[in-house]
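One letter stands for each residue in the lines below.
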Amino acid sequence: MTLTSVETAAPAAERVDRISAAAYRIRHHALNMGEVQGQGYVGQALGAADMLASVYADQLSFRAEDPHWEGRDRFLLSTGHYAIGHYAALAEAGIVPVAELETYGSDDSRLPMSGMSTYTPGMEISGGSLGHGLTIAVGMALGLRAQGSASRVINFLSDGELDEGSTWEAAMGAHHHQLGNLTAMVDINALQADGATNTVLRTEPVTEKWESFGWYTQRVDGNDVGALLAAFDNIAGRRAASGASGQPSVILCDTKVGRGVPLLEAREKAHFMRIEEHEWQICREQLTAGYEGTATA
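Reading the values: rules and limits
Starting afresh in each chain, residues are numbered from 1 along the sequence in its written order. Per-residue local features are limited, in this predicted model, to residues with pLDDT of at least 70; the limit for side-chain atom pairs, both in listing and counting, is 80 or more; totals at the level of whole chains, interfaces and linings are taken over all residues. Hydrogens are left out, water is left out, and the side-chain values use all remaining heavy atoms of the structure. A run of DSSP states H or I qualifies as a helix once it reaches four residues; a run of E qualifies as a strand once it reaches two. Both are numbered from the N-terminal end. To estimate how far a helix should reach, multiply one less than its number of residues by 1.5 Å. Three labels apply to residues, based on accessible area from a 1.4 Å probe with only protein chains included: buried if under 20% of the type maximum, exposed if over 50%, partly exposed otherwise in between. Here a polar contact is recorded for every N or O atom pair within 3.5 Å, except that within protein the pair must consist of a potential hydrogen donor and a potential acceptor, and residues adjacent in sequence are included only if both atoms are side-chain atoms. It only takes one pair of heavy atoms within 4.5 Å for two residues to be counted as in contact. Each nonpolar core is a collection of buried residues, namely Ala, Val, Leu, Ile, Met, Phe, Trp, Tyr and Cys, held together in the definition by side-chain atoms within 4.5 Å. Axes here refer to lines fitted to C-alpha atoms; in helices the fit is confined to the stretch in contact. Angles between the N-to-C directions go from 0 to 180 degrees. Roughly parallel covers angles under 35 degrees, roughly antiparallel covers those over 145, roughly perpendicular covers 65 to 115, and oblique covers all other angles. It is the rotation of the near helix from the far one that decides the hand of a crossing: anticlockwise by less than a right angle makes it left-handed, clockwise makes it right-handed. For this classification, Asp, Glu, Lys and Arg are treated as charged, while Ala, Val, Leu, Ile, Met, Phe, Trp, Tyr, Cys and Pro are nonpolar and the rest, including Gly, are polar. Strand pairing is assigned whenever DSSP detects at least two bridges linking the two strands. The definition of a right-handed crossover adopted here requires that, viewed with the strands pointing away, the path from the first strand over the helix to the second runs clockwise. For this count, His and the chain ends are skipped, Lys and Arg are scored as positive, and Asp and Glu as negative. When a carboxyl oxygen of Asp or Glu lies within 4 Å of a side-chain nitrogen of Lys or Arg, that pair is called a salt bridge. For Phe, Tyr and Trp, where Trp contributes only its six-membered ring, two rings pair if their centres lie within 6.5 Å, and the inter-plane angle classes them as stacked under 30 degrees, edge-to-face over 60, or tilted in between. Throughout this description, the term charge over a ring refers to an Arg CZ or Lys NZ atom that lies within 6 Å of the ring centre and within 35 degrees of the ring normal.

Engineer: Kindly report on helix H1 (residues 13-37), identifying the contributing residues and their values.
Structural biologist: A rise of 1.5 Å per residue sets the reference length of H1, with its 25 residues, at 36 Å; its end C-alpha atoms lie 37 Å apart and thus fit the reference within 8%. Gly-38 lies just past H1 and shows a positive phi near 80 degrees.

Shown next, in the form of C-alpha coordinates:
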(Lines give C-alpha, C1' and ligand atoms only; values in the text may rest on other atoms or scores of the structure.)
Protein backbone atom coordinates (compact mmCIF):
# COMPACT_ATOMS: atom_id res chain seq x y z
CA MET A 1 0.00 0.00 0.00
CA THR A 2 1.35 3.39 -0.95
CA LEU A 3 1.12 6.00 1.79
CA THR A 4 0.72 9.68 1.04
CA SER A 5 4.01 11.47 1.65
CA VAL A 6 4.10 14.25 4.21
CA GLU A 7 5.26 17.77 3.41
CA THR A 8 7.06 19.07 6.48
CA ALA A 9 10.39 18.28 8.06
CA ALA A 10 10.46 15.13 10.19
CA PRO A 11 9.47 15.73 13.84
CA ALA A 12 12.32 15.93 16.34
CA ALA A 13 13.43 12.62 17.85
CA GLU A 14 12.69 13.86 21.39
CA ARG A 15 9.11 14.62 20.42
CA VAL A 16 8.64 11.23 18.77
CA ASP A 17 10.14 9.45 21.80
CA ARG A 18 7.87 11.35 24.19
CA ILE A 19 4.72 10.45 22.26
CA SER A 20 5.85 6.85 21.79
CA ALA A 21 6.27 6.55 25.55
CA ALA A 22 2.75 7.90 26.05
CA ALA A 23 1.43 5.36 23.54
CA TYR A 24 3.16 2.55 25.44
CA ARG A 25 1.50 3.66 28.69
CA ILE A 26 -1.88 3.91 26.97
CA ARG A 27 -1.50 0.33 25.76
CA HIS A 28 -0.46 -0.82 29.21
CA HIS A 29 -3.49 0.88 30.78
CA ALA A 30 -5.77 -0.74 28.19
CA LEU A 31 -4.45 -4.21 29.01
CA ASN A 32 -4.97 -3.61 32.72
CA MET A 33 -8.54 -2.45 32.12
CA GLY A 34 -9.26 -5.37 29.83
CA GLU A 35 -8.15 -7.78 32.52
CA VAL A 36 -10.84 -6.39 34.82
CA GLN A 37 -13.52 -7.77 32.49
CA GLY A 38 -11.49 -10.55 30.89
CA GLN A 39 -12.55 -9.37 27.47
CA GLY A 40 -13.38 -6.31 25.44
CA TYR A 41 -12.27 -4.08 22.58
CA VAL A 42 -8.66 -4.37 23.61
CA GLY A 43 -7.39 -4.89 20.07
CA GLN A 44 -8.75 -1.55 18.89
CA ALA A 45 -7.24 0.24 21.89
CA LEU A 46 -3.81 -1.22 21.16
CA GLY A 47 -4.07 -0.43 17.48
CA ALA A 48 -5.18 3.17 18.03
CA ALA A 49 -2.81 3.99 20.91
CA ASP A 50 -0.35 5.90 18.73
CA MET A 51 -3.19 8.00 17.31
CA LEU A 52 -4.57 8.75 20.78
CA ALA A 53 -1.12 9.56 22.19
CA SER A 54 -0.40 11.94 19.31
CA VAL A 55 -3.63 13.78 20.04
CA TYR A 56 -3.53 13.95 23.84
CA ALA A 57 0.21 14.27 24.41
CA ASP A 58 0.96 16.62 21.53
CA GLN A 59 -2.06 18.27 19.91
CA LEU A 60 -4.96 19.07 22.22
CA SER A 61 -5.23 22.23 24.28
CA PHE A 62 -7.01 21.30 27.53
CA ARG A 63 -6.94 21.72 31.29
CA ALA A 64 -6.85 18.41 33.12
CA GLU A 65 -8.34 19.96 36.26
CA ASP A 66 -11.19 21.56 34.27
CA PRO A 67 -12.42 19.22 31.51
CA HIS A 68 -15.18 21.69 30.59
CA TRP A 69 -12.83 24.65 30.11
CA GLU A 70 -14.43 26.75 27.39
CA GLY A 71 -11.16 27.32 25.53
CA ARG A 72 -10.35 23.62 25.13
CA ASP A 73 -9.96 21.79 21.86
CA ARG A 74 -12.66 19.17 21.42
CA PHE A 75 -11.86 15.50 20.84
CA LEU A 76 -14.88 13.48 19.76
CA LEU A 77 -14.79 9.68 19.99
CA SER A 78 -17.37 8.65 17.44
CA THR A 79 -16.50 4.97 17.93
CA GLY A 80 -17.94 4.51 21.41
CA HIS A 81 -16.65 0.94 21.69
CA TYR A 82 -13.08 2.31 21.57
CA ALA A 83 -13.74 3.87 24.98
CA ILE A 84 -11.21 1.59 26.70
CA GLY A 85 -8.47 3.25 24.66
CA HIS A 86 -9.90 6.72 25.22
CA TYR A 87 -10.02 6.19 29.01
CA ALA A 88 -6.36 5.16 28.89
CA ALA A 89 -5.56 8.38 27.02
CA LEU A 90 -7.60 10.45 29.49
CA ALA A 91 -5.61 8.88 32.33
CA GLU A 92 -2.35 9.62 30.52
CA ALA A 93 -3.53 13.23 30.19
CA GLY A 94 -4.35 13.46 33.91
CA ILE A 95 -8.08 14.01 33.31
CA VAL A 96 -9.05 10.64 34.83
CA PRO A 97 -7.05 9.22 37.77
CA VAL A 98 -5.04 6.16 36.81
CA ALA A 99 -6.37 4.33 39.86
CA GLU A 100 -9.93 4.78 38.57
CA LEU A 101 -9.16 2.67 35.52
CA GLU A 102 -9.57 -0.39 37.74
CA THR A 103 -13.32 0.32 37.82
CA TYR A 104 -13.66 -0.06 34.04
CA GLY A 105 -17.01 -1.61 33.09
CA SER A 106 -18.06 -2.11 36.71
CA ASP A 107 -21.36 -1.10 38.27
CA ASP A 108 -21.51 2.62 39.14
CA SER A 109 -18.21 3.27 37.34
CA ARG A 110 -17.62 6.50 35.44
CA LEU A 111 -15.93 4.33 32.81
CA PRO A 112 -18.60 2.20 31.07
CA MET A 113 -17.61 -0.21 28.31
CA SER A 114 -19.08 2.11 25.67
CA GLY A 115 -18.24 5.79 25.99
CA MET A 116 -20.90 8.08 27.48
CA SER A 117 -20.37 11.78 27.94
CA THR A 118 -22.75 11.93 30.90
CA TYR A 119 -20.45 9.72 32.95
CA THR A 120 -16.84 10.39 32.01
CA PRO A 121 -14.86 13.63 32.41
CA GLY A 122 -13.32 14.64 29.09
CA MET A 123 -15.72 12.52 27.03
CA GLU A 124 -17.37 15.05 24.71
CA ILE A 125 -20.05 12.82 23.14
CA SER A 126 -21.70 9.46 23.66
CA GLY A 127 -20.55 7.26 20.80
CA GLY A 128 -23.17 4.58 20.55
CA SER A 129 -24.50 4.01 17.03
CA LEU A 130 -21.72 4.58 14.52
CA GLY A 131 -21.80 7.32 11.92
CA HIS A 132 -22.90 10.21 14.14
CA GLY A 133 -19.59 11.61 15.34
CA LEU A 134 -18.58 13.53 12.23
CA THR A 135 -22.03 15.09 11.99
CA ILE A 136 -21.74 16.35 15.56
CA ALA A 137 -18.18 17.50 14.89
CA VAL A 138 -19.30 19.60 11.92
CA GLY A 139 -21.93 21.35 14.02
CA MET A 140 -19.48 21.88 16.86
CA ALA A 141 -16.77 23.29 14.59
CA LEU A 142 -19.28 25.59 12.92
CA GLY A 143 -20.54 26.81 16.30
CA LEU A 144 -17.04 27.44 17.66
CA ARG A 145 -16.13 29.46 14.58
CA ALA A 146 -19.31 31.52 14.91
CA GLN A 147 -18.29 32.32 18.49
CA GLY A 148 -14.88 33.48 17.34
CA SER A 149 -13.21 30.62 19.24
CA ALA A 150 -9.72 29.44 18.30
CA SER A 151 -10.54 25.93 19.52
CA ARG A 152 -10.22 22.99 17.16
CA VAL A 153 -12.37 19.89 16.78
CA ILE A 154 -10.74 16.49 16.22
CA ASN A 155 -13.12 13.65 15.38
CA PHE A 156 -11.94 10.05 15.73
CA LEU A 157 -13.85 7.57 13.59
CA SER A 158 -13.36 4.08 12.21
CA ASP A 159 -13.16 2.73 8.70
CA GLY A 160 -16.41 0.88 9.43
CA GLU A 161 -18.13 4.24 9.86
CA LEU A 162 -17.34 5.03 6.26
CA ASP A 163 -20.15 2.56 5.48
CA GLU A 164 -22.60 5.09 6.92
CA GLY A 165 -24.19 7.64 4.62
CA SER A 166 -24.36 10.22 7.40
CA THR A 167 -20.56 10.28 7.50
CA TRP A 168 -20.38 11.41 3.88
CA GLU A 169 -23.19 13.94 4.33
CA ALA A 170 -21.15 15.44 7.17
CA ALA A 171 -18.00 15.39 5.05
CA MET A 172 -19.81 17.29 2.33
CA GLY A 173 -21.14 19.79 4.88
CA ALA A 174 -17.69 20.41 6.35
CA HIS A 175 -16.32 21.28 2.93
CA HIS A 176 -19.32 23.48 2.13
CA HIS A 177 -18.78 25.48 5.32
CA GLN A 178 -14.98 25.47 4.88
CA LEU A 179 -14.32 24.24 8.41
CA GLY A 180 -10.59 24.69 8.71
CA ASN A 181 -10.91 24.10 12.45
CA LEU A 182 -12.02 20.49 11.91
CA THR A 183 -9.78 17.44 11.60
CA ALA A 184 -10.99 13.88 11.22
CA MET A 185 -8.86 10.86 12.06
CA VAL A 186 -9.95 7.54 10.55
CA ASP A 187 -8.66 4.32 12.11
CA ILE A 188 -8.29 2.00 9.12
CA ASN A 189 -7.73 -1.35 10.83
CA ALA A 190 -9.59 -3.27 8.09
CA LEU A 191 -11.85 -5.07 10.58
CA GLN A 192 -15.51 -4.78 11.56
CA ALA A 193 -17.84 -6.80 13.77
CA ASP A 194 -19.10 -8.69 10.71
CA GLY A 195 -15.67 -9.38 9.26
CA ALA A 196 -12.99 -7.77 7.12
CA THR A 197 -13.99 -4.26 6.09
CA ASN A 198 -13.42 -4.92 2.40
CA THR A 199 -15.85 -7.86 2.49
CA VAL A 200 -18.60 -5.96 4.35
CA LEU A 201 -18.53 -2.87 2.14
CA ARG A 202 -15.47 -1.94 0.09
CA THR A 203 -14.52 1.72 0.64
CA GLU A 204 -11.31 1.88 -1.37
CA PRO A 205 -10.03 4.02 -2.95
CA VAL A 206 -10.69 5.88 0.28
CA THR A 207 -8.03 8.59 -0.17
CA GLU A 208 -9.54 9.67 -3.45
CA LYS A 209 -13.03 9.66 -1.93
CA TRP A 210 -12.09 12.14 0.80
CA GLU A 211 -10.22 14.29 -1.68
CA SER A 212 -13.25 14.36 -3.96
CA PHE A 213 -15.33 15.60 -1.03
CA GLY A 214 -12.99 18.58 -0.74
CA TRP A 215 -10.90 17.58 2.28
CA TYR A 216 -7.16 18.03 2.69
CA THR A 217 -6.26 14.34 2.84
CA GLN A 218 -3.20 12.53 4.15
CA ARG A 219 -2.79 8.77 4.51
CA VAL A 220 -0.14 7.51 6.89
CA ASP A 221 0.91 4.49 8.93
CA GLY A 222 -1.22 5.06 12.03
CA ASN A 223 1.27 3.10 14.14
CA ASP A 224 4.13 5.39 13.13
CA VAL A 225 4.26 8.26 15.62
CA GLY A 226 6.60 10.31 13.45
CA ALA A 227 4.24 10.08 10.48
CA LEU A 228 1.25 11.07 12.62
CA LEU A 229 3.03 14.10 14.05
CA ALA A 230 4.21 15.19 10.60
CA ALA A 231 0.63 14.95 9.33
CA PHE A 232 -0.57 17.18 12.16
CA ASP A 233 2.27 19.60 11.44
CA ASN A 234 1.09 19.84 7.83
CA ILE A 235 -2.41 20.69 9.02
CA ALA A 236 -1.07 23.29 11.44
CA GLY A 237 0.84 24.98 8.65
CA ARG A 238 -2.24 25.18 6.47
CA ARG A 239 -4.38 26.45 9.32
CA ALA A 240 -1.85 29.16 10.15
CA ALA A 241 -2.49 30.52 6.68
CA SER A 242 -6.28 30.15 6.55
CA GLY A 243 -7.47 30.09 10.19
CA ALA A 244 -10.81 28.50 11.07
CA SER A 245 -12.08 29.11 7.53
CA GLY A 246 -10.47 26.79 5.04
CA GLN A 247 -10.30 23.19 3.95
CA PRO A 248 -11.23 20.58 6.58
CA SER A 249 -8.54 17.96 7.10
CA VAL A 250 -8.55 14.19 7.42
CA ILE A 251 -5.74 11.83 8.43
CA LEU A 252 -6.34 8.29 7.22
CA CYS A 253 -4.44 5.99 9.59
CA ASP A 254 -3.62 2.42 8.63
CA THR A 255 -3.30 0.49 11.89
CA LYS A 256 -3.02 -3.09 13.10
CA VAL A 257 -5.45 -4.52 15.63
CA GLY A 258 -3.56 -5.59 18.77
CA ARG A 259 -0.47 -3.58 17.81
CA GLY A 260 2.44 -4.08 20.20
CA VAL A 261 1.28 -7.46 21.53
CA PRO A 262 2.16 -10.27 19.10
CA LEU A 263 -0.14 -12.71 20.90
CA LEU A 264 -3.14 -10.49 20.13
CA GLU A 265 -1.97 -9.33 16.71
CA ALA A 266 -2.28 -12.98 15.63
CA ARG A 267 -5.83 -13.47 16.93
CA GLU A 268 -8.30 -14.42 14.23
CA LYS A 269 -11.37 -13.15 16.11
CA ALA A 270 -10.08 -9.75 17.09
CA HIS A 271 -13.02 -7.34 17.00
CA PHE A 272 -14.13 -8.27 20.53
CA MET A 273 -11.43 -10.25 22.26
CA ARG A 274 -11.82 -12.83 24.96
CA ILE A 275 -8.44 -13.30 26.60
CA GLU A 276 -7.64 -16.14 28.98
CA GLU A 277 -6.70 -15.30 32.56
CA HIS A 278 -3.12 -16.53 32.18
CA GLU A 279 -2.59 -14.54 28.97
CA TRP A 280 -2.84 -11.02 30.39
CA GLN A 281 0.61 -11.06 31.95
CA ILE A 282 2.05 -12.53 28.76
CA CYS A 283 0.50 -9.62 26.86
CA ARG A 284 2.07 -7.07 29.22
CA GLU A 285 5.46 -8.74 28.98
CA GLN A 286 5.32 -8.78 25.18
CA LEU A 287 4.26 -5.13 25.11
CA THR A 288 7.15 -4.07 27.36
CA ALA A 289 9.69 -6.21 25.51
CA GLY A 290 8.65 -4.67 22.21
CA TYR A 291 8.78 -1.13 23.56
CA GLU A 292 12.15 -1.63 25.23
CA GLY A 293 13.56 -3.40 22.19
CA THR A 294 14.18 -6.67 23.99
CA ALA A 295 11.66 -8.81 22.10
CA THR A 296 13.01 -11.97 20.48
CA ALA A 297 12.08 -13.22 17.03
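So much for the structure itself; the text now carries on.
Engineer: Can you explain the side chain of Asp-73? Please cite residues and give values.
Structural biologist: Tracing the backbone through its elements, the reader meets Asp-73 in the loop between helix H2 (42-59) and strand S2 (74-77). Among the residues examined, Asp-73 registers a relative accessible area of 8% and is labelled buried. At a separation of 2.8 Å, a polar atom in the side chain of Asp-73 contacts the main-chain amide nitrogen of Arg-152. The residues touching Asp-73, leaving out its near neighbours within four places in the chain, are Gln-59, Leu-60, Ser-61, Ala-150, Ser-151 and Arg-152.

Engineer: Talk me through the nonpolar core; I want residue IDs and the actual numbers.
Structural biologist: By size, the foremost hydrophobic cluster in this structure holds 60 residues, and its most contacted members are Leu-31, Val-55, Tyr-56, Phe-75, Tyr-87, Met-185 and Leu-264. Considering every element that reaches this core, the biggest residue donor is H2, with 10 residues. Of all hydrophobic cores here, the second largest spans 24 residues; its members include Leu-76, Ile-125, Ala-174 and Leu-182.

Engineer: Run through the packing of H1 against helix H3 (residues 83-92), naming residues and quoting values.
Structural biologist: Where H1 contacts H3, the axes come no closer than 8 Å and their chain directions differ by 125 degrees. With respect to each other, H1 and H3 are oriented oblique. Judged by the sense of rotation from one axis to the other, the crossing of H1 with H3 is right-handed. Listed contacts from H3 to Ala-22, Arg-25, Ile-26, His-29, Ala-30, Met-33 and Gly-34 of H1 are Ile-84, Gly-85, Tyr-87, Ala-88, Ala-89, Ala-91 and Glu-92. For the contact of H1 with H3, a count of residues per class yields 9 nonpolar, 3 polar and 2 charged.

Engineer: Can you lay out the pairing of strand S8 (residues 249-254) for me, pointing to particular residues and giving the numbers?
Structural biologist: Most of S8 sits inside the fold, with 6 of its 6 residues counted as buried. Of the two faces of S8, both are covered, the one formed by Ser-249, Ile-251 and Cys-253 as well as the one formed by Val-250, Leu-252 and Asp-254. The pairing of strand S7 (residues 216-221) with S8 spans 6 bridges and is parallel. Bridged to Arg-219 within S8 is Leu-252. Taken together, S7, helix H8 (residues 225-242) and S8 form a β-α-β motif whose crossover is right-handed.

Engineer: Which residues make up the side chain of Asp-159, and what values go with them?
Structural biologist: The topology assignment puts Asp-159 in the loop between strand S3 (153-158) and helix H5 (165-176). In this structure Asp-159 is buried but unpaired, with Arg-219 as the nearest side chain of opposite charge at 7.6 Å. Here Asn-189 takes part through its backbone nitrogen, which lies 3.4 Å from a polar atom of the side chain of Asp-159. Beyond its immediate chain neighbours, meaning those up to four positions away, Asp-159 contacts Val-186, Asp-187, Ile-188, Asn-189, Ala-190, Leu-191 and Thr-197.

Engineer: Go over the packing of aromatic side chains with me, naming the residues and quoting the values.
Structural biologist: In this structure the tally under the stated criterion is 10 aromatic pairs. Measuring from ring centre to ring centre gives 5.4 Å for Tyr-56 and Phe-75, while their planes differ by 65 degrees; the resulting arrangement is edge-to-face. Remark: Phe-75 occurs in strand S2 and Tyr-56 occurs in helix H2; sequence separation between them is 19 residues. For the pair Tyr-56 and Phe-75, one class covers both residues: buried. One aromatic cluster in this structure is built from Tyr-56, Phe-62, Phe-75, Tyr-82 and Phe-156. The ring of Tyr-216 has Arg-238 sitting right over it, with the charged end atom 3.8 Å from the ring centre.

Engineer: Give a detailed account of the sheet that holds strand S4 (residues 182-188), specifying residues and quantitative values.
Structural biologist: Across the sheet, 5 strands lie side by side as S2-S3-S4-S8-S7; this open sheet has parallel pairing. Two strands in the sheet have a free side with no partner beyond their single neighbour: S2 and S7. Direction aside, the axes of adjacent strands within the sheet are offset by 20 degrees on average.

Engineer: Let's hear about the pattern of salt bridges: which residues, and what values?
Structural biologist: Applying the stated criterion across every chain yields a total of 13 salt bridges. Asp-50 is paired through a salt bridge with Arg-27; the nearest N and O atoms lie 2.6 Å apart. Of this pair, Asp-50 sits in helix H2 while Arg-27 sits in helix H1; the two residues are 23 residues apart in sequence, bridging distant segments of the chain. With respect to burial, Asp-50 and Arg-27 carry one shared label: buried. Between Arg-219 and Glu-204 there is a salt bridge, with its nearest N and O atoms 3.1 Å apart. A residue pair is termed long-range when its members are at least 10 positions apart, and Arg-219 in strand S7 and Glu-204 in the loop between helix H6 (197-200) and helix H7 (206-212) qualify at 15 residues. Overall, Arg-219 belongs to the buried group, its relative accessible area being 5%. On the basis of relative accessibility, which here comes to 37%, the residue Glu-204 falls in the partly exposed class. When salt bridges that share partners are traced, they join Glu-14, Arg-15, Arg-18, Asp-58 and Asp-233 into one network.

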